[in-house]
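So you can see what is in the structure, the chains are spelled out below.
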Amino acid sequence: MQREDSANPGMLWVEEGRALWDSAGCAGCHGDVVGMRGVAARYPALDAAPIDLAGRIAQCQEARQHRTPFPRESEEALALAAVIGLQSRGMPVNPPDDPRLAPALARGEALYRERRGQLDLSCAQCHDANAGRHLAGSPIPEAHPTGYPLYRLEWQGMGSLQRRLRNCMMGVRSEPYAYGAPEYVAIELFLMRRAAGMAVETPAVRP
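The numbering scheme is per chain: residues are counted from 1 as the chain's sequence reads. In keeping with the model being predicted, local features are shown solely for residues with a pLDDT of at least 70 and side-chain atom pairs are shown and tallied solely at 80 or more, while totals for entire chains, interfaces and linings include all residues. Calculation of side-chain values draws on the structure's entire complement of heavy atoms; hydrogens and water are dropped beforehand.

Asks: Please explain the overall build of the chain as it appears in this structure.
Replies: Put simply, DSSP marks the helices as runs of H or I at least four residues long and the strands as runs of E at least two long, and each gets a number from the N terminus on. When helices and strands are counted, the chain shows eight helices and seven strands. Note on method: radius of gyration uses C-alpha positions; expected globular size equals 2.2 Å times residues raised to 0.38. Its C-alpha atoms give the chain a radius of gyration of 17 Å, near enough to 17 Å, the size a compact globule of 207 residues would have. Taking the principal axes of the C-alpha coordinates as reference, the chain spans close to 50 × 40 × 30 Å. Note on exposure labels: buried denotes an accessible area under 20% of the residue type's maximum, exposed denotes more than 50%, and partly exposed covers the range between, all computed with a 1.4 Å probe on protein chains only. Looking at the chain as a whole, 46% of its 207 residues qualify as buried. Of the contacts made within the chain by residues no fewer than 6 positions apart, 67% connect residues no fewer than 24 positions apart. Placing the 23 positive and 24 negative side-chain charges of the chain at their respective mean positions leaves the two points 4 Å apart. By the convention used here, residues are in contact when the closest approach between their heavy atoms is within 4.5 Å. Working convention for charge: Lys and Arg count positive, Asp and Glu count negative, and His plus the chain ends are omitted. In plain terms, the charge of a residue is placed at NZ if it is Lys, CZ if Arg, CG if Asp and CD if Glu.

Asks: Mind showing me how you'd approach the nonpolar core here?
Replies: The tendency in soluble globular proteins is for nonpolar side chains to be buried side by side. Membership of the largest hydrophobic core comes to 28 residues, with the highest contact counts inside it found for Trp21, Leu53, Leu80 and Ile84. Counting residues per element, the ones that place at least two in this core are α1 (10-23), α3 (53-63) and α4 (75-86). If one sorts the elements of this core by residue count, α4 sits on top with nine residues. Excluding residues that lie within four positions of it along the chain, Trp21 makes contacts with Cys26, Ala27, His30, Gly31, Asp32, Val33, Met36, Leu80 and Ile84. Definition of nonpolar core: a set of buried residues of the types Ala, Val, Leu, Ile, Met, Phe, Trp, Tyr and Cys, connected through side-chain atoms within 4.5 Å.

Asks: How do you make sense of the environment of Gly25 when you look at a structure like this?
Replies: Here Gly25 shows up in the loop between α1 and α2 (26-30). Since its relative accessible area comes to 32%, Gly25 is described here as partly exposed. In this structure, Gly25 is in contact with Leu20 and Gln65, ignoring residues within four places of it in sequence.

Asks: Would you take a moment to explain the environment of Val39 for this structure?
Replies: Tracing the chain through its elements places Val39 in the loop between α2 and β1 (45-46). Exposure remark for Val39: the relative accessible area of 15% places this residue in the buried category. A C-alpha to C-alpha distance of 13 Å links Val39 and Glu201, two positions 162 residues apart in sequence. Filtering out sequence-adjacent residues up to four positions away, Val39 remains in contact with Leu53, Ile84 and Ser88.

Asks: What is the right way to read the packing of aromatic side chains from this model?
Replies: For any pair of aromatic rings, geometry is given as the distance between the ring centres together with the angle between the planes. Only Phe, Tyr and Trp rings are paired, with Trp represented by its six-membered ring, and only when their centres lie within 6.5 Å; those with planes under 30 degrees apart are stacked, over 60 edge-to-face, the remainder tilted. Scanning the model with the defined rule gives three aromatic pairs in all. Between Tyr112 and Phe190, the aromatic rings sit 5.2 Å apart at their centres with planes inclined by 55 degrees, giving tilted as the arrangement. Taken together, the residues Tyr112 in helix α5 (residues 102-113) and Phe190 in helix α8 (residues 182-194) connect sequence positions 78 residues apart. In this scheme, Lys NZ or Arg CZ marks a charge over a ring once it lies within 6 Å of the ring centre and within 35 degrees of the ring normal. We note Arg152 situated over the ring of Trp155; from NZ or CZ to the ring centre the distance is 5.4 Å. Seen from the ring of Trp155, Arg163 lies directly overhead, with NZ or CZ sitting 4.1 Å from the centre.

Asks: Looking at this structure, I do not really get the packing of α1 against α4. What am I missing?
Replies: Two quantities define a packed helix pair, namely the angle between the helix axes and the distance between the axes. Helix axes are fitted only over the stretch in contact, all axes being lines through C-alpha atoms; the angle between N-to-C directions runs from 0 to 180 degrees. Interhelical geometry of α1 versus α4 gives an angle of 95 degrees and a closest axis separation of 7 Å. The orientation of α1 relative to α4 falls into the category roughly perpendicular. Listed contacts from α4 to Met11, Trp13, Val14, Glu16, Gly17, Arg18, Leu20 and Trp21 of α1 are Glu75, Glu76, Leu78, Ala79, Leu80, Ala82, Val83, Ile84 and Leu86. Nonpolar residues are Ala, Val, Leu, Ile, Met, Phe, Trp, Tyr, Cys and Pro. Charged residues are Asp, Glu, Lys and Arg, and all others, Gly as well, are polar. Taken together, the residues of the contact of α1 with α4 sort by class into 12 nonpolar, one polar and four charged. Just so you know how the angles are binned, under 35 degrees is roughly parallel, over 145 roughly antiparallel, 65 to 115 roughly perpendicular, and the rest oblique.

Structure (structure tokens):
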């Protein structure tokens, strides 16, 4: 499904994103969305604080367009992230080599390795120590964030990496952070650094 665009349900969000790119005013500053090639491969990045691609889109809407940003995880926000992400498909993940991101990177790694919740499990225990094995019949991946936002069959829709992280936290019976929390950005920064050199897959399809 992922390899064939005509069968990839995530392309529906991409097409919505193309329409929004013009109607929401993005093209007025950035021109055609193809000019966003390589952008998704370089996030999270540093602004006043570390920021992910979804946060950058929202910031642009608020600070430059002077409008209320699309809410995180809304169809519109996911559609714009998907069409921007598609422009980098096949390019290597290339996180910024910015020493000012070091504290957030260290925080992200610490959160990834921190045991949490009533099950007292960490991300690393599943995705490092048990990658390739199965949990409740599903294969355990290595936690590479190369395809987000992606279409998940379980969700029957698109979702961001932050939605997936929230799902994992709730799965180990831990209180998830709010969407947009700096902790999620730090974890994504660490995961993208681990995935450096791998190809961007947006929009990916997952079980």
